[in-house]
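Architecture at a glance
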Amino acid sequence: MQISDTLLRELEHLHPKQRAAVLYLGNVALRAGPGSGKTRTLVARIAYLLQTQISAFRGVACITYAKAAADEIRRRVLHSGVRAEGRIACSTVHSFCLNEILRAFAPLTGQPALQAGQVLNKTAVESLLQRCFDQVGIAETLAQYRTNENTRIRRALACNEPLDAFDPREVQAARLYEEQLTVREEIDFEAMVMRAVRIVRENESVRDLLHARFPHLIVDEYQDLGGVLHELVTTLHDLAGITVFAVGDTDQSVYGFTGADARYLTALAARDDFYDLELDVNYRSGQDIITAAEAALGTPRGRRARDGAPPGTVHLEQVHRGLEDHARLACDLTQEAQRRQISPEQIAILYPQRGPLLDALHSELTRRQLDFLHERDDKLPDGTISHFIQRCASRAVTNYQIHSAPDTERSDMLHRAEAPSLAALARDLTTLRTEAHLPPPASRLFLLRALQTCLDPQPLYPASASAYDWLQQLRAILALDAVATSHPDQDNVTSLDDLARLCRSKNLMLQDLAQGEQVIGKVLLTTYHAAKGREFDTVILPGLLNGIIPRNSIPDRGKWRSPTAKELAEQRRTFYVALTRAETALHLIVGPGYHTRSGYWQSKGPSDFVIEMVQRLPPT
Ligand SMILES: Nc1ncnc2c1ncn2[C@@H]1O[C@H](COP(=O)(O)OP(=O)(O)OP(=O)(O)O)[C@@H](O)[C@H]1O
């Protein structure tokens, strides 16, 4: 088997430690800080395995925390010269468990295949949990506010972990919830992983087949996964003999509220049968940004910028009034960066969570008519079909933007565009049809033509085209309604009608549907959590005030309480993640206080995280 020129060049560019991680053929636990090239190393590892170690009939499974990261990794592997679309199973842990284990092996283990609507959506999960709450007599809080806690309890139950920290009635409700799922023959996201672990444990033939198909398993962001996933990985390794390549950073562990715990990554690295490797060069940020971020973290890691990297700039900006001033300054800084020829999608304004800060930012960006992309949670319906439609919209809009740009900018825009290809969308649709037990499209060519009609017509759809009309055409040409009604995921059943209603009632444009997928030419407004794994030339962090970051009160069973030390530490790590997204410029905006949404003035001053960071920095 031969290594492509692209991969050879990539291997030459890698740091010797990154290369060692790629070429080592056993298990690897790669622990490294932000910007150290974990994702780049992981992509090279997959490409290397596919090109040199695995026969053409076998593949690599790669588990990521978010779907966008999975798409990005697949795109980059294919970009590195590997002709192996069908050999990379790159998905979130839930999709991996559902598609590669439960769906693939249900018949083999005597279980029926998943039928239409059997995979519960968020609303169905909440209403089932509410019934369990009612049955065990929890009356003081609504189940919809306790779904994260329910997940943590279920994960602890599945891993036989101590339950002392949980309310015993909620533990009882979680047990009841599990029983109800079994009785009703339904499944939710959490149950996918637990059932997949069980199937692998109990069936030698499933283990053999999984190993035959995926001799290598790659896991990204290991620190963000909980005990159940760790159990899945160790089961696949210990019982099925699959080689594991796990990548992560304990300092970037920010999903503790779902039961994630960085100790699982440490446990993996401590095993004798794992090569424990650390990377210490940060290729993303200038040294001043790295030093500031480590000062904010409070644990010196001694990471250094690559040789010759400009130091970058960290600006501490002070405003004298409320959040409107933060928003105005954030917009001024954005416009200033654009005047320095920084392209809009290289500028990110990050906020920790929804609230008055986001309200102020949103209205100021809108008032100034700055082209921005606000990645809102829950804005468009959830579900794989809704996600597929958003990807289609992103492809159509990006195509339009590139074609309508002046000749001189086109090649640069093409280089920066991250929209999916027609081939990737054709593959997604084929998978959706298979999951819905529908026959595959007449032919691949037919499918590509259909997609082309909807996404690249002549003349192209402008980004401001009516989303409703476009969606109706897409629905009809790709027969999406048939897929939605027969698909096991409940989210999909109503998502087409919900999307159409939303497009109509809000007069959405095609570019609004494309939100969530990267659209070139827009400044990004998103949360610290959603910025994880990404990088921008300029990062602006407004609203660095006590009460906003760190939050000083957390909703808990219908009341507010102070954050625990563990929760505070997690907020600090989230702040660290936000700081480490910047390549050359980092702007931190502080002030005296802010008005809450109810109009109450909170004057707790600049964020303690910023004050401590400044105190720890060497005097300049
Ligand atoms: N050996 C290298 N030489 C030059 N640039 C590199 C090298 N390795 C990584 N990079 C670049 O550094 C940047 C950060 O890499 P990458 O996103 O893979 O880091 P990461 O460890 O996944 O970061 P994070 O944990 O913050 O998400 C990217 O722009 C990448 O191309």
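Every value quoted in this text rests on a predicted model; they were computed, and no experiment measured them.

What to know about the UniProt feature "binding site: ATP" (unreviewed entry) in the protein
Cross-referencing UniProt, the feature "binding site: ATP" (unreviewed entry) maps to Ala-32, Gly-33, Pro-34, Gly-35, Ser-36, Gly-37, Lys-38 and Thr-39 in the present numbering. Its place among the elements puts Ala-32 in strand β1 (residues 27–32). You can call Ala-32 buried: its relative accessible area is 2%. Apart from residues no more than four positions distant in its own chain, Ala-32 is found in contact with Lys-38, Gly-248, Asp-249, Leu-279 and Arg-303.

Considering the domain arrangement of the protein
When cut into domains, the protein gives domain 1 (5–111 + 193–279), domain 2 (122–157 + 165–186), domain 3 (287–377 + 520–616) and domain 4 (384–515). Distance between the C-alpha centres of domain 1 and domain 4: 29 Å. With nine residues of domain 1 in contact, the opposing surface of domain 4 contributes nine residues. Here domain 1 is connected to domain 4 by two salt bridges. The closest approach of N and O atoms between Glu-435 and Arg-103, which form a salt bridge, is 3.4 Å. Connecting domain 1 to domain 4 are two residue pairs in polar contact (both at pLDDT 80 or more).

Observations regarding the packing of helix α9 (residues 189–202) against helix α10 (residues 204–213)
The contact between α9 and α10 brings their axes to 5 Å, and the two run at 100°. As summarised for this structure, α9 and α10 are arranged roughly perpendicular, according to the angle between their axes. Between α9, through Ile-199, Val-200, Arg-201 and Glu-202, and α10, the contact on the second element is made entirely by Glu-204, Val-206, Arg-207 and Leu-210.

Regarding the pattern of salt bridges
Under the defined criterion, the tally for this structure stands at 43 salt bridges. When the shortest N-O distance is used, the salt bridge between Glu-170 and Arg-146 registers 3.0 Å. Taken together, the positions of Glu-170 in helix α8 (residues 168–183) and Arg-146 in the loop between α6 (122–136) and α7 (147–158) put the pair 24 residues apart, joining distant regions of the chain. The burial state of Glu-170 is the same as that of Arg-146; both residues are buried. Between Asp-456 and Arg-395 there is a salt bridge whose closest N-O contact spans 2.6 Å. Within this pair, whereas Asp-456 is found in the loop between α19 (444–455) and α20 (467–477), its partner Arg-395 is found in helix α16 (residues 384–404), the two being separated by 61 residues in sequence. As far as burial versus exposure is concerned, Asp-456 and Arg-395 are alike and both buried. By sharing partners, the salt bridges in this structure join Arg-146, Glu-149, Arg-152 and Glu-170 into a single network.

Points about the nonpolar core
The biggest cluster of nonpolar side chains holds 58 residues, and the ones touching the most others in it are Phe-96, Leu-210 and Leu-232. A per-element tally of this core places α9 first, with eight residues. Domain assignment of the residues forming this core places at least three in each of domain 1 (5–111 + 193–279) and domain 2 (122–157 + 165–186). Those residues in contact with Leu-210 that sit more than four places away from it in its chain are Glu-100, Ile-101, Phe-105, Val-200, Leu-236 and Ile-242.

Concerning unusual backbone geometry
Each neighbour pair has its own omega, and for Ile-549 with Pro-550 the value is 0°, a cis peptide bond. By secondary structure assignment, the location of Pro-550 is in the loop between β13 (536–541) and β14 (554–556). In this structure, Glu-185 is a non-glycine residue whose phi angle is positive, near 55°. Looking at the element boundaries, Glu-185 is found in the loop between α8 and α9. For Gln-369, which is not glycine, the phi torsion reads 55° and is therefore positive. Structurally, the position occupied by Gln-369 is in the loop between α15 (356–367) and β11 (372–374). On the accessibility criterion, Gln-369 (71% relative accessible area) is exposed.

Rules of the game
- Residues numbered from 1 in each chain as written.
- Predicted model: local features only at pLDDT ≥ 70, side-chain atom pairs only at ≥ 80, totals over all residues.
- Heavy atoms only, no water.
- UniProt positions renumbered as here; feature names shortened; annotations may be inferred.
- Helix = DSSP H or I, 4+ residues; strand = E, 2+ residues; numbered from the N terminus.
- Buried < 20%, exposed > 50% of the residue type's maximum accessible area, 1.4 Å probe, protein only.
- Contact = heavy atoms within 4.5 Å.
- Domains from an automatic or database assignment.
- Salt bridge = Lys/Arg side-chain N within 4 Å of Asp/Glu carboxyl O.
- Polar contact = N/O pair within 3.5 Å; in protein donor to acceptor, adjacent residues only side chain to side chain.
- Axes fitted to C-alpha atoms, helices over the stretch in contact; angles between N-to-C directions.
- Parallel < 35°, antiparallel > 145°, perpendicular 65-115°, else oblique.
- Core = buried A, V, L, I, M, F, W, Y, C linked by side-chain atoms within 4.5 Å.

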